[in-house]
There are 2 protein chains.
Amino acid sequence: MQLKPRDKKSLLKAALGEIPSDLLIKNVKLVNVITGEIYPANVYIYEGFIAHVEVENLAADLEAAKEVIDGKGQYLIPGFIDSHVHIESSMMTPRNFAKAVIPKGTTTIITDPHEIANVWGVEGVEYMYDSSEDLPMRQLIDIPSCVPAVPGLENAGATFSAKEVDQLAPKERIIGLAEVMDYVGVINGEERMMEMIETAEKHGLYLQGHAPFLKGRELSAYLCGGPNTCHESRDSEEALAKLRNGMHVDARNSSIARNVKEIWEGVKDVTFFDNFGFCTDDREADDILNIGHINDVVRYGIERGMDPVAAIKSATFNSAREAGIEKLGAIAPGYVADLILLDDLRKLVPNQVFFAGKLVAKDDQLTVEIKAESYPLETKNSVHIKELSVEDFKLKAPAGKDKVVVNMMKYPNPEQSYTEWVKEELPVIDGCVSLNGDKDLKFVAVVNRYEGNDNLAIGVVRGFGTNCGALASTISHDSHNLTIVYEDPAEALIAAQELLHCHGGMSAVKEGKVLHTLELPLAGLMSLLGAEELSLESAKMKEANRALGLEHLANPLLRIVTLALPVIPTVKMSDMGLINVPKKEFIPIIEA
Amino acid sequence: MQLKPRDKKSLLKAALGEIPSDLLIKNVKLVNVITGEIYPANVYIYEGFIAHVEVENLAADLEAAKEVIDGKGQYLIPGFIDSHVHIESSMMTPRNFAKAVIPKGTTTIITDPHEIANVWGVEGVEYMYDSSEDLPMRQLIDIPSCVPAVPGLENAGATFSAKEVDQLAPKERIIGLAEVMDYVGVINGEERMMEMIETAEKHGLYLQGHAPFLKGRELSAYLCGGPNTCHESRDSEEALAKLRNGMHVDARNSSIARNVKEIWEGVKDVTFFDNFGFCTDDREADDILNIGHINDVVRYGIERGMDPVAAIKSATFNSAREAGIEKLGAIAPGYVADLILLDDLRKLVPNQVFFAGKLVAKDDQLTVEIKAESYPLETKNSVHIKELSVEDFKLKAPAGKDKVVVNMMKYPNPEQSYTEWVKEELPVIDGCVSLNGDKDLKFVAVVNRYEGNDNLAIGVVRGFGTNCGALASTISHDSHNLTIVYEDPAEALIAAQELLHCHGGMSAVKEGKVLHTLELPLAGLMSLLGAEELSLESAKMKEANRALGLEHLANPLLRIVTLALPVIPTVKMSDMGLINVPKKEFIPIIEA
């Protein structure tokens, strides 16, 4: 992608000093991420681009700009680039997300609207695109590559193929094919992935990868297939192997997965970090507010031992290069003037943030207005479910049996989303499977919520973590069908009706009453609230989840959201039933 | 540019080990230019691409390839990339050039066919393209940006504008807009350069720069204009400023200009060298044979103190990235298998060279045949000059004068192409200006050699260096008109007729006899001889030039070739007359 000045001839004049620049930021310690040096400079900016960096006559020429900001000896670094993020994970709209991250110094993100695409398809991606126009930050978009995650085993609201890539690619801020998760499809050369990759290449998009645990010849094949970035490295050896094999390694600290420590241990002894970057992937609103955004990830890398300038380079210059964005991520003539003034290269707390040459945040506060705009999709109901009754949530047994063997998923660890496949015998009462008073067992219902599909699958889970009530969510990766964990079908119905009523979200029911509902009317994934209000709402929802028994989890909201994700071993539920993940096969819930 | 496998699905299978690779290079010390590490590895290659790099099971799996080469513990490095070269300067055809440079480890060049474009226009570029198809090296081509160098002050055989860029850009191996020399046009936003740059950007071409001596605000403006590479840095300060300002600095050691030493002194203390590369620009056949090609430039950088791995990275991975070539310049899965085996990382003498996975040179000898092909342009006469007589070479004085004041160029230094503008009074004999027996004075004729133009300008030069005879050349940058330096018009005629007869080249005449003629029938610039024969011919021509008085020059052939180059200060000749270079104005040769 090329970032081009509106009027190059005038920019040239400003560079030459023939016309005044718009802004001069003087008296800074410039952090040059291209050479790794730090030196005093004055930076001239014209219509959003750096026109000139003066290093000699630091006192002269100060009249050559319409506005002068005194950096007072602070460091000037490029604005941060988050190389991989899902805005939906913040549960905020793109505009509210912008309000939250800009004060943290994030001036560019590369976002994968994978979640909303599973709900609203191309229309969802277009919403993310349209609603992020004219923001005082740069939201660049990759086209989701795996909608749904596993075709044939689940039903989402849309299906993406090469056609959707072809349709979306021409848009200016669409720059890549997003994390190609179907690594099996890539390394086996399956038609669907090959066509999507080829179409993306035809449009000059870069190919973002996603290759957790891949190594050896499988990693080689994935790289030969095209995608050459990865933010899914989890251990040191994996990260080093990926870097050595030419992959761009984006070290991630999300709200869920904190991998920077292990990654850094793996790569710290190499000499060159050209292909190293940072990303947040998924960060919740309160983490962004209280801990930070990509600046927090970089800070953590520095705390682990990375040189501050190399770390800043990784989250600016390197990330721009990884994604093929020219003239972004450095402080040099012709580059976009996304800049941060700060006084501590290790803490990375921005004092002033500039986007395209305009001051957009100061002392952790936005200084520009981001107008509230409304878009049809924000209030369009995405939860389409037939009228439900208590009966719908009962797990029926075959006629004439008083006990059955149930295939179920078992969570061996209360904090991890990995499951095992177990078989247990359960009694049948009034024709329905009973949990037999075992508090560690719960029913699971996955209800398709898209028009034209009334799928509803019921199974049983052991070790989920709740010990009473019903917990329901329309955030349920990646198809985002309505997923409910419960003991009593009547409570499941209450939770389901609650979410039908508010067009999606999360709800906790206990003793027949709604404890709290987090309303997420936008695609059943996102709130229309800003970060601060949403954090409060989210805290209440966490409290309600804890009241159902999830008290030990750092973030109890995340427990349910991967229950129906059929890419995590060993067994998962979808709206179509119980799935053997490695084999991509269905398992009968009740054994014949 | 994307380098793509012919059959990706089969490559994936080879990567996975499901089908045998074509070649395994085992038992090597792999130089990883991405991480900077060196470690033992086996490298599997399939249809020209690296399928897998094995670092663990170095003894296993050896059957998984059709052919196995034992690296015997040698270093394996990526094939070298010359980031900027004019093949014409070698005076060889692209095919003969390939024969000469491949054994030196050059597997990719980025060439600017600027010289032949000035003679033959688009047809010339197409010849360079067509005749370099299917070579066992990669000749990538940038579109000449300044044909002629200074429009309006000289007449070449063609004129390039945005139209020619548009026409040539779609070809697969055309990747950039070549060295944008008209920096004045760029920084002033002149229409011709803006249009060419915009057209190149539209086609996704990279913009190669050329900005000697530019600094401060002019350098900033040039960078804002688009081109962001430069191989013309001459001093340390200049190189550092360019690197800091985001320019790719390509350190050059050509046969003429050796700048690596000064450049390295300027940049050696920076931390990151992501934007640093090497190039040869112009190297003669005998230099290539006896000293080396881009490997020699890298070796020199290492001798000056650059870390060998960083230096190799600069001439491989960095150069590919500078020119926007994906999957080239490193040893990793999915990358093109251009490789060198060698045993000394400081001497950089290749023992074996592989191009796209095939052994193409061993112990300084080609191991593959490069078939002699003939192309119509190679024998098409480019020297079109009306019938000449001795009278044509006399400098006529205005009627009735017995002396005149002549504006002339003076070379203050016998080795440099810089000139001064002087005025001298000379006698008139028989209506013509006389050199008055002053051996330091010579006539200069620049004769247009293109169809439809009979321009012939005669001037006087002081300090050129010859002390007798006539020296003629159809290599005469950048318009390559026939240029002759002489005392006696009769000898000028002999030299001119000699070059007309052989369709261009260089010729030396003394005492009425031809001492030697170097025949360059291809565009008047290139021989059809291979490197070794050409070196002998070239040595004879140098000897002849020395016999005319140029005995102290390292390379006397280069004396005449910049006499008509109207971008070098202060005064130069063209087919249109004497030029004030800085002012872009004509100067009357004889004062009124």
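Residues numbered from 1 in each chain as written. Chains lettered and ligands numbered in written order. Predicted model: local features only at pLDDT ≥ 70, side-chain atom pairs only at ≥ 80, totals over all residues. Heavy atoms only, no water.

Caption draft 1: Quick peek at the interface of chain B and chain A. Chain B puts 65 residues into the contact, and the matching count from chain A is 65 residues. Across the chain B/chain A interface, buried area totals approximately 5,100 Å², and carbon plus sulfur atoms make up 54% of it. Three residues stand out in chain B for area buried against chain A, namely Arg217(B), Arg244(B) and Phe272(B), and they jointly supply 17% of the buried area on that side. The interface formed by chain B and chain A contains 10 salt bridges. In this structure, Lys9(A) and Glu191(B) form a salt bridge, with 2.6 Å as the shortest nitrogen-oxygen distance. Inspection of the region where chain B meets chain A yields 24 residue pairs in polar contact (both at pLDDT 80 or more). Mapped onto the side of chain B that touches chain A, the elements with two or more residues apiece are helix 1 (8-16), strand 2 (38-46), strand 3 (49-54), helix 5 (183-187), helix 6 (191-202), helix 7 (216-225), helix 8 (236-244) and helix 12 (308-322) of chain B. If you tally residues by element for the side of chain B that touches chain A, the top one is helix 7 of chain B, at eight residues. Here the residues of the side of chain B that touches chain A sort into 30 nonpolar, 19 polar and 16 charged. (Contact = heavy atoms within 4.5 Å. Buried area = accessible area lost by both parts, 1.4 Å probe. Salt bridge = Lys/Arg side-chain N within 4 Å of Asp/Glu carboxyl O. Polar contact = N/O pair within 3.5 Å; in protein donor to acceptor, adjacent residues only side chain to side chain. Helix = DSSP H or I, 4+ residues; strand = E, 2+ residues; numbered from the N terminus. Nonpolar A, V, L, I, M, F, W, Y, C, P; charged D, E, K, R; others polar.)

Caption draft 2: How the structure looks around the packing of aromatic side chains. In this structure the tally under the stated criterion is 15 aromatic pairs over all chains. When the centroid spacing of 5.8 Å and the interplanar angle of 80° are considered together, the rings of Phe273(A) and Phe276(A) count as edge-to-face. A relative accessible area of 1% places Phe276(A) in the buried class. Geometrically, the ring pair formed by Phe393(B) and Tyr486(B) is edge-to-face, given 5.8 Å between the ring centres and 85° between the ring planes. On the criterion of sequence distance, the pair formed by Phe393(B) in the loop between strand 17 (365-366) and strand 18 (403-410) and Tyr486(B) in strand 24 (residues 482-486) is long-range, its members being 93 residues apart. Looking at Phe393(B), the relative accessible area reads 0%, which means it is buried. Judged by its relative accessible area of 0%, Tyr486(B) is buried. Three or more aromatic residues joined by ring pairs make a cluster, and in this case those are Trp264(A), Phe273(A), Phe276(A) and Phe278(A). (Phe/Tyr/Trp six-rings, centres within 6.5 Å; stacked < 30°, edge-to-face > 60°. Buried < 20%, exposed > 50% of the residue type's maximum accessible area, 1.4 Å probe, protein only.)

Caption draft 3: Region of interest: the packing of helix 1 (residues 8-16) of chain A against helix 6 of chain B. Closest axis-to-axis distance for the helix 1 of chain A/helix 6 of chain B pair is 12 Å, and the angle between their directions is 120°. The crossing of helix 1 of chain A and helix 6 of chain B is right-handed. Taken together, the residues of helix 6 of chain B that come into contact with helix 1 of chain A (itself represented by Lys8(A), Lys9(A) and Leu12(A)) are Glu191(B), Met194(B), Ile197(B) and Glu201(B). Its residues assigned to classes, the contact of helix 1 of chain A with helix 6 of chain B comprises three nonpolar, no polar and four charged. (Axes fitted to C-alpha atoms, helices over the stretch in contact; angles between N-to-C directions. Left-handed = near helix turned anticlockwise from the far one by under 90°.)

Caption draft 4: Region of interest: the sheet that holds strand 11 (residues 229-230) of chain B. Residue and element names in this part refer to chain B. Taken together, the three strands give an open sheet; going across it, the order is 11-12-13, and neighbouring strands pair in parallel fashion. Each edge of the open sheet is held by one strand with a lone partner, namely strand 11 and strand 13 (276-279). Relative to strand 13, strand 12 (residues 248-252) is paired through four bridges, and the arrangement is parallel. Directly across from Ala251, in strand 13, lies its bridge partner Phe278. Here helix 12 sits on the sheet in contact with strand 11, strand 12 and strand 13, set at roughly 95° to strand 13. (Pairing = 2+ DSSP bridges.)

Caption draft 5: Here's a closer look at the relation of the copies chain B and chain A. With an axial shift of 0.0 Å and an RMSD of 0.0 Å, the rotation relating chain B to chain A amounts to 180°. Put plainly, the chains are arranged around a two-fold axis. Within chain B, the C-alpha atom positioned nearest to the axis of rotation is that of Asp274(B), 3.6 Å from it. The overlap is high: 100% of the interface residues of chain B also sit at the interface in chain A, so the same surface is used on both sides. (Least-squares fit on C-alpha atoms with pLDDT ≥ 70 in both.)

Caption draft 6: Structural context of helix 8 (residues 236-244) of chain A. All names here are of chain A. Among all positions in helix 8, only Glu238, Ala239, Leu240, Lys242 and Leu243 are buried. Check the buried side of helix 8 and you find it contacts helix 7 (216-225), strand 11 (229-230), strand 12 (248-252) and helix 9 (260-267). Put simply, Asp235 is the residue that caps the front of helix 8, since its side-chain oxygen is 3.2 Å from the backbone nitrogen of Glu237. The positive-phi residue at the C-terminal boundary of helix 8 is Gly246, with phi of around 95°.

Caption draft 7: Local environment of the pairing of strand 6 (residues 80-85) of chain B. Residue and element names in this part refer to chain B. Most of strand 6 sits out of view: six of its six residues are buried. As judged from the four bridges shared by strand 6 and strand 7 (residues 106-111), these two strands associate in the parallel manner. Its bridge partner lying in strand 7, Val85 is registered against Thr111.

Caption draft 8: Region of the structure containing the sheet that holds strand 28 (residues 577-580) of chain A. All names here are of chain A. Ordered by their spatial adjacency, three strands build an open sheet running 27-28-29, and the pairing between neighbours is antiparallel. Bordering the open sheet on either side are strand 27 (571-574) and strand 29 (585-587), each of which pairs with just one other strand. Between one strand axis and the next, the sheet turns through 45° on average, direction left out of account.

Caption draft 9: Geometry of the pairing of strand 13 (residues 276-279) of chain A. What you see with strand 13 of chain A is no split at all: Phe276(A) and Phe278(A) on one side and Gly277(A) and Cys279(A) on the other are buried throughout. Of the crossover connections in this fold, the one passing from strand 12 of chain A over helix 9 of chain A to the parallel strand 13 of chain A is right-handed. (Right-handed = clockwise from strand over helix to strand, strands pointing away.)

Caption draft 10: Geometry of the side chain of Ser319(B). Residues and elements named next belong to chain B. Along the chain, the position of Ser319 falls in helix 12. At 3.1 Å, the side chain of Ser319 and the backbone oxygen of Ser314 are in polar contact. Excluding residues that lie within four positions of it along the chain, Ser319 makes contacts with Ile81, Ser83, Gly277, Phe278 and Ser314.

Caption draft 11: Representation of helix 3 (residues 114-130) of chain B. Residues and elements named next belong to chain B. Here helix 3 spans only 16 Å end to end across 17 residues, well under the 24 Å set by a 1.5 Å rise per residue. When the local axis directions of helix 3 are compared, the greatest deviation, roughly 135°, occurs at Trp120. Counting buried positions along helix 3 gives 14 out of 17 residues, so the element sits mostly inside the fold. (Expected span 1.5 Å × (residues − 1). Bend = angle between axes of the 7 residues up to and from the residue.)

Caption draft 12: Here's a closer look at the environment of Ile102(B). Residue and element names in this part refer to chain B. By the element assignment, Ile102 lies in the loop between helix 2 (94-101) and strand 7. Along the backbone, Ile102 and Phe80 are 22 residues apart, and their C-alpha atoms lie at a distance of 9.5 Å. Beyond its immediate chain neighbours, meaning those up to four positions away, Ile102 contacts Pro136, Met137, Val353, Val360, Ala361, Leu366 and Ile370.

Caption draft 13: Looking closely at a negative patch on the surface. On the surface, Asp235(A), Glu237(A), Glu262(A) and Glu56(B) cluster together into a patch of negative charge. By the secondary structure assignment, Glu56(B) is in the loop between strand 3 and strand 4 (65-70). Residue Glu56(B) is classed as exposed on the basis of its relative accessible area, which comes to 60%. (Patch = residues over 30% accessible without salt bridge, like charges linked within 9 Å, V, L, I, M, F, W, Y side chains within 5 Å. Areas by Shrake-Rupley, 256 points an atom, 1.4 Å probe, with all protein chains shown as cover. Lys, Arg positive; Asp, Glu negative; His and termini not counted. Charge placed at Lys NZ, Arg CZ, Asp CG, Glu CD.)

Caption draft 14: Looking closely at the pattern of salt bridges. Applying the stated rule across the entire model yields 64 salt bridges over all chains. Among the salt bridges present, the one from Glu391(B) reaches Lys394(B), with a minimum N-O distance of 2.8 Å. On the basis of relative accessibility, which here comes to 40%, the residue Glu391(B) falls in the partly exposed class. Several salt bridges converge on common partners, so that one network encompasses Glu232(A), Arg234(A), Arg252(A) and Asp281(A).

By themselves, these observations are geometric and do not establish any function.
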